[in-house]
Each structure stands twice: as C-alpha cells, then as structure tokens.
Amino acid sequence: MRIASILENQKIEKRVAITPDIAKKYIALGFEVSIVENYAEHLGFKDNQYEELGVKIYKDTKKVISGADIIIQLGLLSDENISNLKENQTLVGVFNPYANKEKIENLSKRNINVFSLEMLPRITRAQSMDILSSQANLAGYKAVIESFANFEKAIPMMMTAAGTIPAAKVLVVGAGVAGLQAIATAKRMGAIVFATDVRIASKEQVESLGGKFLTVEGSENLETEGGYAKETSEEFKKKQEDLLAETLKKIDIVICTALIPGKKAPLIIKGSMIDNMQSGSVIYDLAAVQGGNAEFTEVDKIVIKNGVKIMGETNILNKLSVSASNLYSKNVFNFVSNLYDMENKKININLEDEIIEKTLNK
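Below you will find a few notes about this structure. (Residues numbered from 1 in each chain as written. Predicted model: local features only at pLDDT ≥ 70, side-chain atom pairs only at ≥ 80, totals over all residues. Heavy atoms only, no water.)

Some details on the environment of Asn334
For step 1, the next point in the chain: Looking at where Asn334 falls in the secondary structure, it is placed in helix H11 (residues 321-339).
For step 2, the next point in the chain: It is 5.7 Å that separates the C-alpha atoms of Asn334 and Met129, two residues lying 205 residues apart in sequence.
For step 3, the next point in the chain: In contact with Asn334, not counting residues within four places along its chain, are Ser128 and Met129.
For step 4, the next point in the chain: Among the polar contacts listed, one links the side chain of Asn334 to the backbone oxygen of Ser128, at a separation of 3.0 Å. (Helix = DSSP H or I, 4+ residues; strand = E, 2+ residues; numbered from the N terminus. Contact = heavy atoms within 4.5 Å. Polar contact = N/O pair within 3.5 Å; in protein donor to acceptor, adjacent residues only side chain to side chain.)

Here it is, written out as structure tokens:
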C-alpha cells in the first residue's frame, strides 16, 4: 500500500500531514510513503530526514498523487490536483463537506473514497484521531497569547511602590476544547477569567480551571448527543445578550470560540455591547472564518471600534505550524491504522465501524 502527501496552498496552510516521526510509523506498518520535494522544509523538516527513513521524494506532484493508494492532506486538493486522482484512491483530511459538497460528491461518483476527519464521532475510541480537539487546543492557547500581545496593559496583578496594577479580566465565549485551553492559559498568566457557554455541562469544567461560569437564568442544556452546541432559541439569545452586555462593561479581553459545525458562527457580541466596553480592550475571534462571534470581525484584520481592537485570522495555527503538524499527523495515523487491514494489506471500509461510517462522504 502506498501513502502520500503533497504541499498545501502555502498562502493559507503551513501545516503538513506527515512528519518524519509519523512517516517512520507508516513504514513500520508496511506502507510505502511518498512526498513531494521540499514538503516540510518550511517547518525545519529536511528532505534528507524523510529519505533516511525510506520515504520516496518526487519533484512531480502529479506523480506523487497518481502513484498513491491513500493521500493525506489538511485541506481539499486544488482542482488541478483533483484531476490527477484515479478510481479507488482514498483521500483523508479536513475537507469541509458543507462548503465543498459538490466537489466531494463528484469525487464519490468517480469511486474515490473521501474521509473528512472533522466529522469524527465524539466517542472514546475516536479520541486519538480527534483532529478538532488537538488543533482547537492549540488555537485556544494561541488566541490568548495573541490577544495579550495586543493588550497594552499588564495581565497579572502587580503591586509596586508606585501603586497596584489590577489583574486583567478575560471573558471566554464558548467552553469547548479551544475555550477551556484559553481559560487555562489566561489563568496561568494571572488574569481573572470568566466564561459562558450554552452547555450547562461545561460549568464544572470551567470552574475546575479556576474560571467563573456565567449562567443565563433558567437556561437548559443545549448540547447535541455528539457533544456539540445546538442553536439557541430567541428567548435564550435575549437573556444571553443582557448578561453579556452587563459583563462586557468590566472585561478587558474577550476570546470568542463559539462554533456550530457546518453553519455560520453565531453572532454573540453585538455592536451595542462593544460600544459599552472599555477603550483599549481586545476581542480575539477564533470564529472569524465562519463569520465571527463579534459583529465587526474581519478576517486577518485588526478592526478598531470605540477603542476596542477586534481580531480574527484565517488560520491561527499557521503560527504554531510545527506543533499543530505533529498532533495532526498523529491523529491521521491513528485513523489510517483503524482503516487499514494489515493482514490483507488493503483498505477496509467497514461501514459497521462508526468512525468509518461517520467520516466517509457518501
């Protein structure tokens, strides 16, 4: 079996899907591994590190794609590279089936297996493959670092002979994986941390990290069976708005992480709320690419409204691309190991396996 990967569009994605450590593991399983020349040079992984492990390196991207049984990527291949795919090949990556529905359907019609890892079920057996958790964990950490770097005051409380500087107050909107890591990071750096989420189950997790959970009066647990947030009712939204509007008046930094899979990000922080925030405050919106949780978010720009800086990036993980690649490649290796029939040396698409059934685009 031949497994391969090519470079992503470097303008938007610097992560890679096969690191040298993971290439070694694939080869130990009996795979032949191929990559394109200078595949991970930008991350400090030289071609000779791969070659010493037995990885085959080609200059021709077309040759890498056409010669593979399994192709592992971060995002969907370009139209040109898609045209080089052939029947019975398998694609594994984060392909956003909601936005790329037509392209993926066309691939399926060509008998190409497309597995989108963001569709993994939230079950114990899938935890080692959970790319959303591993990548969101890093994103939550980095969002705090970026927002603190743009906040022009000290974060922890500082007592000096000239007077005391109070600790910064941070609000984390959404207490999923990214939000919980943001809470932990902000707390470690000395901030006073508050958090809000539509899932009541997250209250205990927030408090265990030292954050104060803001609860909407009379709220119910708005969580799907898969562990994701549901869309909220209009009544809930109104109560949440009132609570947030009052809270934001005393908050210095907001980290937005609220997402609904496959849908536009919920608009949570309205313009009127931002108008009442303190000048010099910072909002970092991790939901920027999906429309943003804050009203004035613009991707890859710092927008200033009423003295408040509002930030959001196309891909914050490009700033942690080595760590993110290491985790992502391990997640994918675990997924491929589950998909691979080692005895018969072939891909086994067993639709009775929930992991395979949920991630396969049909």
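Re the nonpolar core
For step 1, the next point in the chain: Formed by 55 residues in total, the largest nonpolar core has its most connected members in Tyr26, Tyr39, Ile72, Leu85 and Phe335.
For step 2, the next point in the chain: Looking at this core element by element, the count peaks at six residues for H11.
For step 3, the next point in the chain: If sequence neighbours within four positions are ignored, Leu85 has contacts with Ile65, Ile71, Leu77, Leu91, Leu107, Arg110 and Ile112.
For step 4, the next point in the chain: Within the second largest apolar cluster, 29 residues are counted, among which are Ala139, Phe151, Phe213 and Ile253. (Core = buried A, V, L, I, M, F, W, Y, C linked by side-chain atoms within 4.5 Å. Buried < 20%, exposed > 50% of the residue type's maximum accessible area, 1.4 Å probe, protein only.)

Overview of the packing of aromatic side chains
For step 1, the next point in the chain: Under the definition given, this model contains five aromatic pairs.
For step 2, the next point in the chain: A ring pair is formed by Tyr26 and Phe333, whose centres lie 5.1 Å apart and whose planes are at 70°; its orientation type is edge-to-face. Taken together, the residues span a long stretch of sequence, with Tyr26 in helix H1 (residues 20-29) and Phe333 in helix H11 at a distance of 307 residues. Taken individually, Tyr26 and Phe333 each receive the classification buried, so the pair is uniform in this respect.
For step 3, the next point in the chain: Ring plane angle 80° and centroid distance 6.1 Å describe the contact between Tyr39 and Tyr50, whose orientation is recorded as edge-to-face. Taken together, the positions of Tyr39 in the loop between strand S2 (32-36) and helix H2 (47-51) and Tyr50 in helix H2 put the pair 11 residues apart, joining distant regions of the chain.
For step 4, the next point in the chain: For Lys305, the ring lying beneath its charged end belongs to Phe296, and the centroid distance is 4.7 Å. (Phe/Tyr/Trp six-rings, centres within 6.5 Å; stacked < 30°, edge-to-face > 60°. Lys NZ or Arg CZ within 6 Å of the ring centre and 35° of its normal.)

Structural measurements only, silent on function.
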